Amino acid sequence: MPTVGLGTYKSPPGQVEQAVKDAIDAGYRHFDCAWLYGNEVEVGNALREKINEGTVKREDLFIVSKLWNNFHAKEKVVPMIKETLNNFQMDYIDLYLIHWPFGFKVKKYCYIIYRELADETASLVPVGEGEDAFSDTDYVETWKGMEECVNLGLTKSIGLSNFNAEQIDRVLKKCKIKPVCNQVEVNPNLNQKKLIDFCRQRQRDIVIVGYCPLGRSEYAGTPGFPDPTIYDPKVAEIAKKYNKTPAQVVLNYLISLGISVIPKSVTKSRIIENIDVFDFKLDPGDVSYLDSCNKKSKSITISGI
Ligand SMILES: NC(=O)C1=CN([C@@H]2O[C@H](COP(=O)(O)OP(=O)(O)OC[C@H]3O[C@@H](n4cnc5c(N)ncnc54)[C@H](OP(=O)(O)O)[C@@H]3O)[C@@H](O)[C@H]2O)C=CC1
Ligand SMILES: O=C1CO[C@H](CO)[C@@H](O)[C@@H]1O
């Protein structure tokens, strides 16, 4: 898996096409997508355009998508990946993830960014709680549907997202095909060192992919939202020393923890900036400072920020 991928959550149709093309030109080969994000059609159009013009080959790309929570029933998994493949107009993807370790009751929270489903529901914020909100499907059952996707050649590999250590081990105990990764929030405010170590130990061999690596900076200043480290004056000082930007320092630090990162941007200069992170090494003192930022404060919840 390429170490830096392009995030696409809230990258609107009309902008995401150019972002994907700019990313390919900047050297990105890894694209993080999801059915939920409602822009797979446009991402696919841009990727295929770059393939057709000969800039990249399909086999050089690493395309990721995720199974949304309304579709955890084992028999729904293959139809959902087929819908995603149809969106992309591709024969296979490289990695398919269970988006969250719990399912929603069907129809309750059908919500898709930009394209709401034509039924009565249009909210990701739960309208019910507990038994009313969650399906009874065990993610271990869902995993069987994920394995079927590999067996049918619809994805090269499968993985998890937002799973904790206990949930990972439940899947490992029961699976025939192992998850290759777990995608979770990772940024200096929440460095996840414990989970990263856990995923490496005892031949689990699970790679952590860090989402919200920049701390979802557009929410900076929102009450209760952790201050993104890229706006920390001390990080600006560190960045100056290496002639880099705060975002580049943060991404370099996260990569040094042994993870992949998937910063989102629809801004060409930032797309270029976010992959230009491999030509410097932070001094131990600077690493210590970034380590000290770990407040274990999460930016993301299922229902928004
Ligand atoms: N598995 C899961 O449950 C989840 C997965 N994800 C995935 O992870 C990706 C990344 O997370 P996301 O929540 O988007 O948050 P990020 O931490 O990637 O932050 C994105 C924000 O930062 C801005 N930005 C990008 N580059 C820079 C820069 N160099 N300097 C300053 N600001 C910058 C972007 O603005 P602009 O675009 O305007 O340039 C955007 O507002 C998502 O897009 C999605 O693919 C995210 C959340 C949950
Ligand atoms: O991928 C995702 C993007 O962010 C959303 C809201 O914070 C999450 O619910 C979702 O998992």
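Residues numbered from 1 in each chain as written. Chains lettered and ligands numbered in written order. Predicted model: local features only at pLDDT ≥ 70, side-chain atom pairs only at ≥ 80, totals over all residues. Heavy atoms only, no water.

The name an unreviewed UniProt entry assigns to the chain is NADP-dependent oxidoreductase domain-containing protein, from the organism Molorchus minor.

This next bit is on empty space enclosed by the protein. According to the stated counting rule, one finds 1 cavity of 30 Å³ or more in the structure shown. In this structure, the largest cavity spans a volume of roughly 40 Å³. When the residues that make up the lining of the largest cavity are grouped by side-chain class, the tally is 6 nonpolar, 4 polar and no charged. (1 Å grid on protein atoms, 1.4 Å probe; cavity = no way out; pocket = protein on both sides within 12 Å on 5 of 7 lines; lining within 4 Å. Points joined across faces, edges and corners; volume = space filled by probe spheres on them. Nonpolar A, V, L, I, M, F, W, Y, C, P; charged D, E, K, R; others polar.)

With that out of the way, let us pick up the side chain of S65. Checked against the element boundaries, S65 lands in strand β3 (residues 62-67). Only 2.6 Å separates the side chain of S65 from the side chain of E40, close enough to count as a polar contact. With near-sequence residues (within four places) excluded, S65 lies in contact with C33, A34, W35, E40, T84, F88, I93, L95, Y96 and L97. (Helix = DSSP H or I, 4+ residues; strand = E, 2+ residues; numbered from the N terminus. Polar contact = N/O pair within 3.5 Å; in protein donor to acceptor, adjacent residues only side chain to side chain. Contact = heavy atoms within 4.5 Å.)

With that out of the way, let us pick up the pattern of salt bridges. For the structure on display, the rule yields 15 salt bridges. Of the charged contacts, one joins R58 and D94 as a salt bridge, the two residues approaching to 2.9 Å between their closest N and O atoms. Of this pair, R58 sits in the loop between α2 (40-52) and β3 while D94 sits in strand β4 (residues 93-98); the two residues are 36 residues apart in sequence, bridging distant segments of the chain. When sorted by exposure, R58 lands in the same class as D94, which is buried. Several salt bridges share partner residues, and in doing so they unite D25, K50 and E53 into one network. (Salt bridge = Lys/Arg side-chain N within 4 Å of Asp/Glu carboxyl O. Buried < 20%, exposed > 50% of the residue type's maximum accessible area, 1.4 Å probe, protein only.)

With that settled, consider the side chain of S157. As for its placement among the helices and strands, S157 is situated in strand β5 (residues 155-161). Judged by its relative accessible area of 13%, S157 falls in the buried class. Separated by 2.7 Å, the side chain of S157 and the backbone oxygen of D94 make a polar contact. Apart from residues no more than four positions distant in its own chain, S157 is found in contact with D94, L95, Y96, V150 and V180.

A word on the packing of aromatic side chains. As enumerated under the stated definition, the model contains 8 aromatic pairs in all. Between F102 and F104, the aromatic rings sit 6.1 Å apart at their centres with planes inclined by 40°, giving tilted as the arrangement. Judged by relative accessible area, F104 falls into the buried class, the value being 2%. Three or more aromatic residues link up through ring pairs in this structure, and these residues are W68, W100, F102 and F104. Taking NZ or CZ as reference, R58 lies 4.0 Å from the ring centre of Y92, over its face. For K156, the ring lying beneath its charged end belongs to Y92, and the centroid distance is 4.6 Å. (Phe/Tyr/Trp six-rings, centres within 6.5 Å; stacked < 30°, edge-to-face > 60°. Lys NZ or Arg CZ within 6 Å of the ring centre and 35° of its normal.)

Looking now at the site of ligand 1. The immediate surroundings of ligand 1 are formed by 30 residues, with D32, R216, E218, S265 and T267 found nearest. Here a nitrogen atom of ligand 1 sits 2.9 Å away from a polar atom, N or O, in the side chain of Q183. With respect to ligand 1, the side chain of N274 contributes an N or O atom lying 3.0 Å from a nitrogen atom. Protein contact buries 92% of the 910 Å² of open area that ligand 1 shows by itself. (Near = heavy atom within 4 Å. Areas by Shrake-Rupley, 256 points an atom, 1.4 Å probe, with all protein chains shown as cover.)

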